[in-house]
Amino acid sequence: MIRSWARAISFILLVALYISCQKSDFIPIVTSATPSTRGFQTDSTGYNIVESQLKNKAQLIDIRSVNPNIVLDIRYATENNFTKRRLYRVARCLLRASVARKLSLVQQDLEKQNLGLKVYDCYRPLSVQRQMWRLFPNPRYVANPARGSRHNRGAAVDLTLVDRNGNELEMPTEFDNFTVRAHINYSGGSFRSRRNRQILQNSMKRRGFIPMPSEWWHFDAAGWENFSVLDLPLESSP
């Protein structure tokens, strides 16, 4: 009889414990290595497109607040680009803080040679990337928005060289030229254009930027893969 009562009590306790577990909420443990997904927005592909507060150290900042000497010619804020459309509401160059600081060092290096930088594009919202892909779905020149681009991470920049008066130096092609003449190993064109292209490459590589083989104007920051894809409007960032 005692054993029967003991078994009955044990069974009742197990049932009560099971019900309690089913009703309780599961609260994940959040560490710096495993950030919470709360506070993130995701697109249809499941990518995080708005960062949580855990990544404040990697926030976007305006390059003009770091180095106002860098000239801006944000082409996608105009119709002077390959889409022939104005894709940005404002003309701003936003980058991750660490990337912006490195770009400022490039500008300082070039100023010693009476040269400087002119920027065509920096951070690009993922929604704009989708528009570009619909117009020109060529992965050689436009990143597939399903994976996001380095621009969408605020870790890439399109730019050229200018003289001390802000005049662009000769390059093998204009910006957004999707031909072999824009490749960094293109051996045609004038000697001056190839020399200027090399000065730009050397200056950017010295500060940790990686050139894109098919576009002389495009450079990725080392470690770009550590930043998440964003879809924040340019005008909404500080």
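Structure: above.
Residues numbered from 1 in each chain as written. Predicted model: local features only at pLDDT ≥ 70, side-chain atom pairs only at ≥ 80, totals over all residues. Heavy atoms only, no water.

1. Details of the packing of aromatic side chains
- Taken as a whole and judged by the stated rule, the model has 10 aromatic pairs.
- Centroid distance phenylalanine 82 to phenylalanine 136: 6.1 Å. Interplanar angle 65°. Geometry classified as edge-to-face. One end of the pair, phenylalanine 82, is in the loop between strand 2 (71–72) and strand 3 (94–96); the other, phenylalanine 136, is in the loop between helix 4 (126–135) and strand 5 (156–163), and 54 residues separate them in sequence.
- Given the relative accessible area of 22%, phenylalanine 82 is considered partly exposed.
- Between the aromatic rings of tyrosine 141 and phenylalanine 178, the centroid separation amounts to 4.8 Å while the plane-to-plane angle is 35°, which identifies the pairing as tilted. (Phe/Tyr/Trp six-rings, centres within 6.5 Å; stacked < 30°, edge-to-face > 60°. Helix = DSSP H or I, 4+ residues; strand = E, 2+ residues; numbered from the N terminus. Buried < 20%, exposed > 50% of the residue type's maximum accessible area, 1.4 Å probe, protein only.)

2. Describing the pattern of salt bridges
- Applying the stated criterion across every chain yields a total of seven salt bridges.
- Here arginine 75 makes a salt bridge to aspartate 73, at a shortest N to O gap of 2.9 Å. (Salt bridge = Lys/Arg side-chain N within 4 Å of Asp/Glu carboxyl O.)

3. Quick notes on the sheet that holds strand 5
- Pairing is mixed in the open sheet, where five strands are placed in the order 2-4-5-7-6. If you trace the sheet from one side to the other, it starts and ends with strand 2 and strand 6 (209–212), each paired once.
- When strand 2 meets strand 4 (residues 115–121), the two strands line up parallel, connected through two bridges. By the bridge assignment, valine 71 is partnered in strand 4 with lysine 118.
- Sheet contacts for helix 3 (residues 97–111): strand 4, strand 5, strand 6 and strand 7 (215–221); angle to strand 4, the most-contacted strand, approximately 145°.
- Against the sheet, helix 5 (residues 191–206) makes contact with strand 4, strand 5, strand 6 and strand 7, and its axis sits at roughly 125° relative to strand 5, the strand it touches most. (Pairing = 2+ DSSP bridges. Contact = heavy atoms within 4.5 Å. Axes fitted to C-alpha atoms, helices over the stretch in contact; angles between N-to-C directions.)

4. A look at the state of the cysteines
- Evaluated as defined, the whole model comprises one disulfide.
- Through a disulfide, cysteine 93 is tied to cysteine 122; the S-S separation comes to 2.0 Å. Taking the sign of the S-S torsion, -85° for the link of cysteine 93 and cysteine 122, the bridge is left-handed. Taken together, the residues span a long stretch of sequence, with cysteine 93 in the loop between strand 2 and strand 3 and cysteine 122 in the loop between strand 4 and helix 4 at a distance of 29 residues. (Disulfide = S-S within 2.5 Å.)

5. Describing helix 5
- Compared with the 22 Å implied by 1.5 Å per residue over 16 residues, the 22 Å span of helix 5 between its first and last C-alpha is a close match.
- Looking at helix 5, one finds that the buried residues are Ser193, Asn196, Arg197, Leu200, Gln201, Ser203 and Met204. Down the axis of helix 5, the smallest arc covering the buried residues is 165°, so these residues share one side. In helix 5, the exposed positions angled more than 90 degrees off the buried face are occupied by Phe191, Arg192 and Arg206.
- The inward-facing, buried residues of helix 5 contact helix 3, strand 4, strand 5, strand 6 and strand 7. (Expected span 1.5 Å × (residues − 1). Arc of directions from axis to C-beta.)

6. Topic: the layout of surface pockets
- What the largest pocket holds in volume is close to 450 Å³.
- Together, 26 residues line the largest pocket, and Val142, Ala143, Ser149, Arg150 and Met212 are the ones closest to its centre.
- Here the element with the most residues in the lining of the largest pocket is strand 7; it accounts for three residues.
- For the lining of the largest pocket, a count of residues per class yields 12 nonpolar, six polar and eight charged. (1 Å grid on protein atoms, 1.4 Å probe; cavity = no way out; pocket = protein on both sides within 12 Å on 5 of 7 lines; lining within 4 Å. Points joined across faces, edges and corners; volume = space filled by probe spheres on them. Nonpolar A, V, L, I, M, F, W, Y, C, P; charged D, E, K, R; others polar.)

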